[in-house]
Amino acid sequence: MNTLLVVVISIFIFWFAFRFYARYIAEVFNEDDSHPTPAKTINDGIDYVPSKTLVVFSHHFSSIAGAGPIVGPTVALLYGFYPTWLWILLGAIFIGAVHDTASIFTSLREKGSSIVEIAKKTMGKWGFTLFIIFVFFMLLLVCAAFLDLTCVALTSMVKLKLLGLPESQTLFRTVNDPKTGESMAVVGGIASTSVIIITAFAPLMGYLLYRRNMKVFYAVMLSLIVIALSVIIGFALPVRFSRETWMVLVSIYCFIASAIPVWVVLQPRDFINSFFLYGGIIALIFAAIVGGLKGIEVTTPAINISEGAAKLGPVWPILFITVACGAISGFHTLVGTGTTVKQLSRESDARRIGYGAMLIESILSVGVIVALGAGLAYVAYKDIVFPQTGKSNPVLAFALGSGLFMEKALGIPSYVGIIFGILMIEGFVITTLDTAVRLGRLILQEFWRTLFKKPPRVIFSRFFNSTIMIVSMFLLAYKNGFAIVWPVFGSANQLMAALALIALSLWLTMMQKKRLFTILPALFMLATTIYSLGFLLTKKFIPSGNFPLIGITIILFLLAWFVFGIAVRKFIEYAKNKEVTVKA
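Just so you know, these numbers come straight off a predicted model, no measurement behind them. (Residues numbered from 1 in each chain as written. Predicted model: local features only at pLDDT ≥ 70, side-chain atom pairs only at ≥ 80, totals over all residues. Heavy atoms only, no water.)

### A few points about the overall build of the chain
To be explicit about the condition: Every helix listed is a DSSP run of H or I at least four residues long, and every strand listed is a run of E at least two residues long, numbered separately from the N terminus. Only protein chains enter the accessibility calculation, which uses a 1.4 Å probe. A residue is then buried if its area is under 20% of the maximum for its type, exposed if over 50%, and partly exposed in between. It only takes one pair of heavy atoms within 4.5 Å for two residues to be counted as in contact. To be clear on the numbers: accessible area is Shrake-Rupley with a 1.4 Å probe, and residue cover counts the displayed protein chains and nothing else.
The helix and strand inventory of the chain stands at 22 helices and three strands. Oriented by its inertia axes, the alpha-carbon framework of the chain measures out at about 75 × 55 × 45 Å. By the burial criterion, 63% of the 584 residues in the chain qualify as buried. Within the chain, residue pairs in contact and separated by at least 24 positions form 86% of the contacts whose partners lie at least 6 positions apart. Taken as a whole, the chain presents about 21,300 Å² of accessible surface, with 68% of it coming from carbon and sulfur.

Written out as structure tokens, the structure reads:
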């Protein structure tokens with residue numbers, strides 16, 4: 001299929017959905033910019049901080065995008081181009097964007113409450129307790145998967161011949177592959193230096209934005225300069241550590257970022273980094289348009305269900321949990337109700353950021369499968385993502401695919417596109433990781449309030465709860481790489497979305513509002529994810545004897561059933577007594 005046609009169809013469908021369906025959802029929640037948001041009424045200077053729309057959008061988008069819209073579609077492409085593309089389109093419009101927008105609007109109506117607090121209101125104490133335990137384990141899987149992906153990206157190396165560069169080149173630092181003796185370009189080192197510089201500059205950007213009230217235009221220009229300098233310095237002074245060393249260093253960074261005020265590191269770093277991401281999306285879509293005019297076609301098999309099923313599992317449910325963030329992601333409700341809603345200055349931003357950011361993320365996923373399908377040979381794709389020996393590296397597959405595709409379409413040297421691809425995905429992953437750790441810290445603080453009537457002061461310490469998240473994340477990621485953790489993370493992530501949609505549907509029922517638009521997606525995702533957990537448990541984890549993941553999968557499976565049972569009972573209760581409503 002022509003690359004231009006894919007992009008034009010996708011963008012038109014997404015525009016139509018945002019123009020009409022997003023407004024319908026906003027009307028259900030009675031969107032009104034005259035209502036003061038929780039960020040303005042609470043404004044504690046730590047978590048509740050009214051912020052400019054573009055700044056909040058950048059934080060939200062950087063946090064929700066993560067590796068999901070790139071890694072998920074890269075892996076799922078094995079099922080064929082059409083099944084992956086169709087799920088991205090339909091999933092984003094009718095499930096993912098609905099889930100994100102409804103989460104933020106409901107939280108606005110509940111004074112910035114998180115999704116677990118909304119669950120407490122709709123399902124009672126037991127539903128809340130089970131929900132919060134589920135969220136903790138889901139966040140743990142998010143952190144473990146993304147910690148490993150971060151370190152894989154920062155240590156990535158590419159054969160010089162794939163970059164089209166001679167042995168005499170001086171652009172990249174090189175090392176010899178110990179197995180083959182081939183020269184390898186240390187591309188991850190460039191990303192490492194860039195990440196360090198951007199992170200170090202973040203506090204100054206936060207100070208300029210929030211203490212000196214710098215105009216957004218100047219902040220954007222300054223961000224672009226910092227990004228450009230970080231890449232230039234990265235080429236000159238690439239930082240190289242082992243995967244294990246990076247795991248320690250990134251964990252320390254996440255510990256600090258999760259405990260200090262949001263405006264110091266988390267938000268300004270996301271703001272700076274988001275322009276890498278916007279640039280990457282624009283570059284991919286522009287390449288697809290120009291490439292289509294040149295007649296470039298997607299060469300990946302259109303439908304490849306049998307091979308996908310042989311390596312990954314049945315197309316339903318595995319495809320639907322592999323493409324996570326590009327179509328629907330439960331992590332989004334944690335970001336939306338955990339940090340984003342606490343920064344909104346007006347209600348209409350809930351629609352723009354909730355629905356709009358999800359669609360942009362899905363456009364990125366479309367760009368990813370186009371770049372892979374038209375840029376990377378199918379044999380090379382399988383060798384990298386599904387190797388006979390060694391670790392799967394979908395990050396490298398995406399970077400190679402985008403680099404080679406931009407060379408075909410735009411005439412840009414492939415190594416430029418490859419480096420940009422590595423930098424882009426690294427920016428996505430680490431921004432999601434630090435946000436996830438922060439959310440885990442907030443979730444634990446809510447859990448202690450439920451568990452103890454008079455809790456010790458120490459367990460409410462930000463540093464105490466951040467330590468629990470960091471240590472748990474590190475231990476799970478250290479022994480289990482991305483390829484092992486990702487399937488159960490995908491199932492847990494999508495199941496989180498199903499449970500969130502159930503909680504939101506209950507809230508809408510309590511408020512006597514329309515709710516079919518959330519109930520139907522909830523039921524579909526619940527069936528999909530419970531089946532996928534059962535499949536992974538019986539076909540993957542038990543046969544391989546992976547006891548940590550066996551335990552986590554069983555816990556998630558049981559928690560989901562218990563929460564669903566409580567939700568059904570509450571739906572019946574609210575249906576019988578329509579007077580059981582609560583003012584929002």
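### Describing the packing of helix H3 (residues 53-65) against helix H14 (residues 331-338)
Quick reminder of the rule: Axes here refer to lines fitted to C-alpha atoms; in helices the fit is confined to the stretch in contact. Angles between the N-to-C directions go from 0 to 180 degrees. When an angle is under 35 degrees it counts as roughly parallel; over 145 it counts as roughly antiparallel; between 65 and 115 it counts as roughly perpendicular; any other value is oblique. Should the near helix be turned counterclockwise from the far one by less than a right angle, the crossing is left-handed, whereas a clockwise turn marks it as right-handed.
Two elements in contact, H3 and H14, have axes whose closest approach is 9 Å; the angle formed by their N-to-C orientations is 155 degrees. Considering their axes alone, H3 and H14 lie roughly antiparallel with respect to each other. The hand of the H3/H14 crossing is right-handed. Note on element contacts: H14 touches H3 through Phe 331, His 332, Val 335 and Gly 336, opposite His 60, Ser 63 and Ile 64.

### Description of the sheet that holds strand E1 (residues 158-159)
In sheet architecture, strand pairing relies on hydrogen bonds along the backbone and comes in two forms, parallel and antiparallel. Cut-off, in case you're wondering: Pairing between strands requires that DSSP locate at least two bridges from one strand to the other.
Here three strands make up an open sheet; going across it, the order is E1-E3-E2 and the pairing antiparallel. Of all strands in the sheet, those with a lone pairing partner are E1 and strand E2 (174-176), marking the two edges. Of the strand pairs in this sheet, E2 and strand E3 (residues 183-185) are connected by three bridges, and their pairing is antiparallel. Within the sheet, the bridge partner assigned to Val 175 lies in E3 and is Met 184.

### Considering the nonpolar core
The line we're drawing: Side-chain atoms within 4.5 Å link the members of a nonpolar core, which is a set of buried Ala, Val, Leu, Ile, Met, Phe, Trp, Tyr and Cys residues.
Judged by nonpolar contacts, the single largest core of 210 residues is most densely connected at Ile 115, Phe 131 and Leu 141. Top contributing element to this core by residue count: helix H6 (residues 115-154), with 27 residues. Residues contacting Leu 141, with those up to four places away along its chain left out, are Leu 476, Val 485, Val 488, Phe 489, Ala 492, Leu 549, Ile 552 and Leu 556.

### What to know about a nonpolar patch on the surface
Threshold: Patch membership is restricted to residues that have no salt bridge and whose relative accessible area is over 30%. Joining uses 9 Å for like charges and 5 Å for the nonpolar side chains Val, Leu, Ile, Met, Phe, Trp and Tyr. In the sections that follow, a salt bridge refers to a side-chain nitrogen of Lys or Arg positioned within 4 Å of a carboxyl oxygen of Asp or Glu.
Judged by side-chain polarity, Ile 225, Leu 229, Ile 232, Ile 233 and Leu 237 come together as a nonpolar surface patch covering roughly 490 Å² of accessible area. A relative accessible area of 56% means that Ile 232 is categorised as exposed.

### Digging into the packing of aromatic side chains
Quick note on the threshold: For Phe, Tyr and Trp, where Trp contributes only its six-membered ring, two rings pair if their centres lie within 6.5 Å, and the inter-plane angle classes them as stacked under 30 degrees, edge-to-face over 60, or tilted in between. Put simply, a charge is over a ring when the Lys NZ or the Arg CZ is close to the ring centre, within 6 Å, and near the line of the ring normal, within 35 degrees.
Following the criterion strictly, the structure yields 27 aromatic pairs and no others. A ring pair is formed by Phe 29 and Trp 507, whose centres lie 6.0 Å apart and whose planes are at 20 degrees; its orientation type is stacked. Taken together, the residues Phe 29 in the loop between helix H1 (3-28) and helix H2 (38-41) and Trp 507 in helix H20 (residues 482-510) connect sequence positions 478 residues apart. Trp 507 sits in the buried class, given a relative accessible area of 0%. Among the aromatic residues, those joined into a cluster by ring pairs are Phe 57, Phe 61, Phe 271, Phe 275 and Tyr 278. In this structure, Arg 211 is placed above the aromatic ring of Trp 263, and the distance from its NZ or CZ to the ring centre is 4.2 Å.

### Examining the environment of Leu 523
For Leu 523, the location among the structural elements is in helix H21 (residues 516-544). Using a relative accessible area of 45% as the deciding quantity, one classes Leu 523 as partly exposed. Linking Leu 523 and Leu 54, residues 469 residues apart in sequence, is a C-alpha distance of 34 Å.

### With respect to the side chain of Asn 304
Locating Asn 304 in the fold gives a position in the loop between helix H11 (266-293) and helix H12 (305-311). A relative accessible area of 12% means that Asn 304 is categorised as buried. Aside from chain neighbours lying at most four places away, what touches Asn 304 is Leu 78, Tyr 79, Gly 80 and Tyr 378.

### Quick look at helix H5 (residues 81-109)
For the α-helix, the turn length of 3.6 residues means that residues three or four positions removed from each other point alike. Selection rule: Helices are assigned an expected span. That span is 1.5 Å times one less than the residue count. Bend, at a single residue, is the angle you get between axes fitted to the 7 residues ending at that residue and the 7 residues starting at it.
Here H5 is 29 residues long and its end C-alpha atoms lie 40 Å apart, about the 42 Å a rise of 1.5 Å per residue gives. At Ala 92, H5 shows its maximal bend, which comes to roughly 55 degrees. In terms of burial, H5 is a largely internal element, 25 of the 29 residues being buried. A positive phi of about 60 degrees marks Lys 111, the residue just after H5.

### Some words on the packing of H1 against H5
How two helices pack is summed up by the angle between their axes together with the distance between the axes. Relative orientation of the contacting elements H1 and H5 amounts to 25 degrees, with a least axis distance of 11 Å. The angle between H1 and H5 places the two elements in the roughly parallel class. Crossing handedness for the pair H1 and H5: right-handed. In contact with Val 6, Ile 9, Ser 10, Ile 13, Phe 14, Ala 17, Tyr 21, Ile 25 and Ala 26 of H1, H5 contributes Phe 81, Trp 85, Ile 88, Leu 89, Ala 92, Ile 93, Phe 94, Val 98, Thr 101 and Phe 105.

Interpretation note: all reported values are geometric properties and have no functional meaning in isolation.
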